[in-house]
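# Chain and residue survey
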Amino acid sequence: MIRKLCLLFLFALFFKNAFGQNQQILFGFDQLPQTLMLNPGAEVDYDKHFGVPFLSNVFFQVGATNKDITYNNIVANADSDSDILRNIYNQNLSSSDYFKINQKIEVFNAGFRLKNTKYYLSFGMYQEIDGYAGYPKDVVNLFYQGDYNENGGIRYDQSNFDNINFIGELVGVYHVGISKKVNENLNIGARFKILSGSLNTNSVNNKGHYVLSDKALVHDYNHMFNQLNIKMNSSGLLNNEGNLIAESADAFKGLFFLNGNYGLGLDLGATYHASEHIIVTASLLDLDYIKYKNKVTGYKVAEDFEIQDDELFDPTFDSELSYWENILDLEDFPISNGNVVDIDILNNSYNFYRSPKLNTSVKYQIFRESNETFNSIYRDARFVTPIN
């Protein structure tokens, strides 16, 4: 099971750096109905719209904060997943680097103006994949180097587990929104959502550290794992043995309320004409909550342990997973709480709060004498705040 957990965790760190259509390109284009998905308070100058399924809003974005994470860098001479993961490790990332993936397909989207022409009603459904993974540099160094540093010396400094942080989900979202023109300067809007969670995995707010000591009473070294509180939740992905159980048919059904994972959400937005030339827009998206109950499996390590040995941790090149599986499962080591690392298996439902996204923009317009728009200087800033 340890091997499967390591594979799942390390796979969460691997995202090829590629960009398709970027949804944020649409932000601020009030002429396009899809702008309402990014800003429910966008100005609407049309009376109705209808999005053609799978064509009106499709995008895919994958990337990393580090410029060295490119497709060529991570697949170079790679014949397996292990080679790809090692290529990522060789880029010498920092603990502040992270990886992300976001994909969306709009199944349908429509809207019309109400009898009170100040209001515009929109509704629809879309499928979304959202993923985020921080880079746990200390843990990765320990995984590949063990107790040795890059220069071959013994490393006695602490390896922290706090930055083990990742989320991944597949959801179906059904929404209805309302946009209101308050006056000539202000337009506001809100969108209410019902969510069907298909697949989910997350591990956040982890604690603990590893440190090497040469003051063991019996053996030469004391490998101490202290203050541990590491937890991972999953729904629809793993069974109790850590085997993947997700199938495409089950994932598809999960988008349509057929697996019991339900949630609610809210998006907010506004457009404000600060002056004749300046337009300010802002939106706060994905204030969402889902309760996962379907095929729930979680893993938790919350008990400190020590491994006393005459040898340093020294993973075998290209066989790191097997090495650590043997280290943590063998009965030859006097681990303080028993003969194996105690991993609690959790099958209780859990609550998941999606990562909110903040979009803002400022647009400056220059007019001709005829009062027609001559030019626009547009600036857009997007801030994504994952829940850690």
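Because the structure is predicted, anything quoted here is derived from the model rather than measured.

Rules behind the numbers
- The residue numbering used here restarts from 1 in each chain and proceeds along that chain's sequence as written.
- This being a predicted model, a pLDDT of at least 70 is required before a residue's local features are given, and a value of 80 or more before pairs of side-chain atoms are given or counted; all residues contribute to the totals for chains, interfaces and linings.
- Remark: hydrogens and water are excluded; side-chain values derive from all non-hydrogen atoms of the structure.
- A side-chain nitrogen of Lys or Arg and a carboxyl oxygen of Asp or Glu constitute a salt bridge if their distance falls within 4 Å.
- Under the scheme used here, helices are H or I runs from DSSP no shorter than 4 residues and strands are E runs no shorter than 2 residues, and both carry numbers assigned from the N terminus.
- Using a 1.4 Å probe on the protein chains alone, a residue whose accessible area is under 20% of its type maximum counts as buried, one over 50% counts as exposed, and one in between counts as partly exposed.
- Orientation is described by lines fitted to C-alpha atoms, with helices fitted over the stretch in contact, and by angles between N-to-C directions that extend from 0 to 180 degrees.
- In these notes the angle categories are as follows: under 35 degrees is roughly parallel, over 145 is roughly antiparallel, 65 to 115 is roughly perpendicular, and the rest is oblique.
- The handedness criterion is simple: a crossing whose near helix is rotated anticlockwise from the far helix by less than a right angle is left-handed, and one whose near helix is rotated clockwise is right-handed.
- Contacts are residue-level and defined by heavy atoms, with any inter-residue pair within 4.5 Å sufficient.
- Patches were defined on residues exceeding 30% relative accessible area and lacking a salt bridge, with like-charge contacts within 9 Å and nonpolar side-chain contacts (Val, Leu, Ile, Met, Phe, Trp, Tyr) within 5 Å.
- Accessible surface area values rest on a Shrake-Rupley calculation with a 1.4 Å probe, where residue burial reflects the displayed protein chains alone.
- Two N or O atoms count as a polar contact when they lie within 3.5 Å, although within protein this holds only if one can serve as hydrogen donor and the other as acceptor, and sequence-adjacent residues are included solely when both atoms are side-chain atoms.
- Each residue gets one label: Ala, Val, Leu, Ile, Met, Phe, Trp, Tyr, Cys and Pro are nonpolar, Asp, Glu, Lys and Arg are charged, and the others, such as Gly, are polar.
- The pLDDT score gives, residue by residue, the confidence of the prediction method on a 0 to 100 scale.
- Note that His is not counted, nor are the chain ends; the positive residues are Lys and Arg, and the negative ones are Asp and Glu.
- Charged side chains are reduced to one point each, which is NZ for Lys, CZ for Arg, CG for Asp and CD for Glu.
- The criterion for an aromatic pair is that two Phe, Tyr or Trp rings (for Trp, the six-membered ring) have centres within 6.5 Å, with stacked assigned to planes under 30 degrees apart, edge-to-face to planes over 60 apart and tilted to the rest.
- Only lysine NZ and arginine CZ atoms are considered, and such an atom sits over a ring when it is within 6 Å of the ring centre and within 35 degrees of the ring normal.
- Strands were regarded as paired on the criterion that DSSP finds at least two bridges between them.

## Points about the pattern of salt bridges
Following the criterion strictly, the structure yields 17 salt bridges and no others. Across the pair Asp318 and Arg86 runs a salt bridge whose closest N-O atoms are separated by 3.8 Å. Here the residue Asp318 occupies a position in the loop between strand S15 (305-309) and helix H7 (320-329), and Arg86 occupies one in helix H4 (residues 81-89), the gap between them amounting to 232 residues. When its relative accessible area of 46% is taken as the criterion, Asp318 is described as partly exposed. Overall, Arg86 belongs to the buried group, its relative accessible area being 14%. One salt bridge in this structure joins Lys193 and Asp267, with 2.9 Å as the shortest N-O distance. Taken together, the residues Lys193 in strand S8 (residues 186-203) and Asp267 in strand S11 (residues 262-273) connect sequence positions 74 residues apart. Across the pair, exposure class does not vary: Lys193 and Asp267 are buried alike. Counted as one network, the salt bridges with shared partners bring together Glu128, Asp130, Glu169, Arg191, Lys193, Asp267, Asp286, Asp288, Arg354 and Lys357.

## Observations regarding the packing of H4 against helix H5 (residues 137-145)
The contact between H4 and H5 brings their axes to 11 Å, and the two run at 125°. One finds that H4 runs oblique with respect to H5. The way H4 lies across H5 gives a crossing that is left-handed. Packed against H4, whose contacting residues are Ser82, Leu85, Arg86 and Tyr89, the element H5 presents Val140, Asn141, Tyr144 and Gln145 at the interface.

## Some words on a nonpolar patch on the surface
A surface patch of nonpolar side chains, amounting to about 480 Å² of accessible area, comprises Phe108, Phe112, Leu114, Phe123, Val176 and Phe192. With a relative accessible area of 36%, Phe112 lands in the partly exposed category.

## Section: the environment of Glu106
Here Glu106 shows up in strand S4 (residues 98-113). With relative accessibility at 2%, the residue Glu106 sits in the buried group. Put simply, Glu106 and Gly172 are 66 residues apart on the chain and 9.9 Å apart in space, counted from C-alpha to C-alpha. A polar contact of 3.2 Å, which involves the side chain of Glu106, links it to the side chain of Asn109.

## Things to note about the packing of H5 against H7
Contact pair H5 / H7: the axes reach a minimum separation of 9 Å and the direction vectors enclose 90°. When the interaxial angle is binned, H5 and H7 end up roughly perpendicular. Each of Leu142, Phe143 and Tyr144 in H5 lies in contact with H7, whose residues at this interface are Glu320, Leu321 and Trp324. Per-class residue counts for the contact of H5 with H7 are 5 nonpolar, no polar and 1 charged.

## Some points on the confidence of the model for the protein
The predicted model of the protein averages 84 in pLDDT, with 85% of residues at 70 or higher. Across residues 331-337 the pLDDT falls below 50, and counting only partners more than four positions away or on other chains, this stretch makes 18 contacts in the model. Of the regions scoring below 50 in pLDDT, residues 371-388 engages in 54 contacts with residues more than four places distant in sequence or in other chains.

## Description of H5
Burial analysis of H5 places 7 of its 9 residues in the buried class, which makes it a mostly covered element. Along H5, the residues classified as buried are Val139, Val140, Asn141, Leu142, Phe143, Tyr144 and Gln145. Just downstream of H5 lies Gly146, where phi reads positive at about 65°.

## Details of a negative patch on the surface
Where like charges cluster on the molecular surface, the negative patch consists of Asp214, Asp220, Asp310, Glu311 and Asp314. Relative to the assigned elements, Asp220 resides in the loop between strand S9 (207-213) and strand S10 (221-235).

## A closer look at the environment of Ser95
Residue placement: Ser95 occurs in the loop between H4 and S4. Relative accessible area serves as the criterion here: at 45%, Ser95 is assigned to the partly exposed category. Along the chain, Ser95 and Tyr135 lie 40 residues apart, while their C-alpha atoms are 5.3 Å from each other. The residues touching Ser95, leaving out its near neighbours within four places in the chain, are Tyr135, Lys137 and Asn163.

## Considering the packing of aromatic side chains
One pass over the full model with this rule turns up 17 aromatic pairs. With 5.4 Å between their ring centres and 90° between their planes, Tyr46 and Tyr120 make a pair best called edge-to-face. Of this pair, Tyr46 sits in the loop between helix H2 (35-38) and strand S2 (48-51) while Tyr120 sits in strand S5 (residues 119-134), and the two are 74 residues apart along the sequence. Here the two residues Tyr46 and Tyr120 agree in accessibility, since each one is buried. With a centroid separation of 5.3 Å and an interplanar angle of 45°, the aromatic rings of Tyr289 and Tyr353 are classed as tilted. One end of the pair, Tyr289, is in strand S13 (residues 289-292); the other, Tyr353, is in strand S17 (residues 350-353), with 64 residues separating them in the sequence. For Tyr289, a relative accessible area of 28% puts it in the partly exposed group. Lys104 extends its terminal NZ or CZ atom over the ring of Tyr126, reaching a point 4.2 Å from the ring centre.

## Digging into the pairing of strand S14 (residues 296-301)
In terms of burial, S14 is largely enclosed, as 5 of its 6 residues are buried. Examined bridge by bridge, S10 and S14 share 6 bridges and lie antiparallel to one another. Residue pairing for S14: Ser234 is matched across the bridge by Thr297. Bridging between S14 and strand S16 (residues 344-346) involves 3 bridges; their strand directions are antiparallel. Bridging across to S16, Gly298 finds its partner in Leu346.

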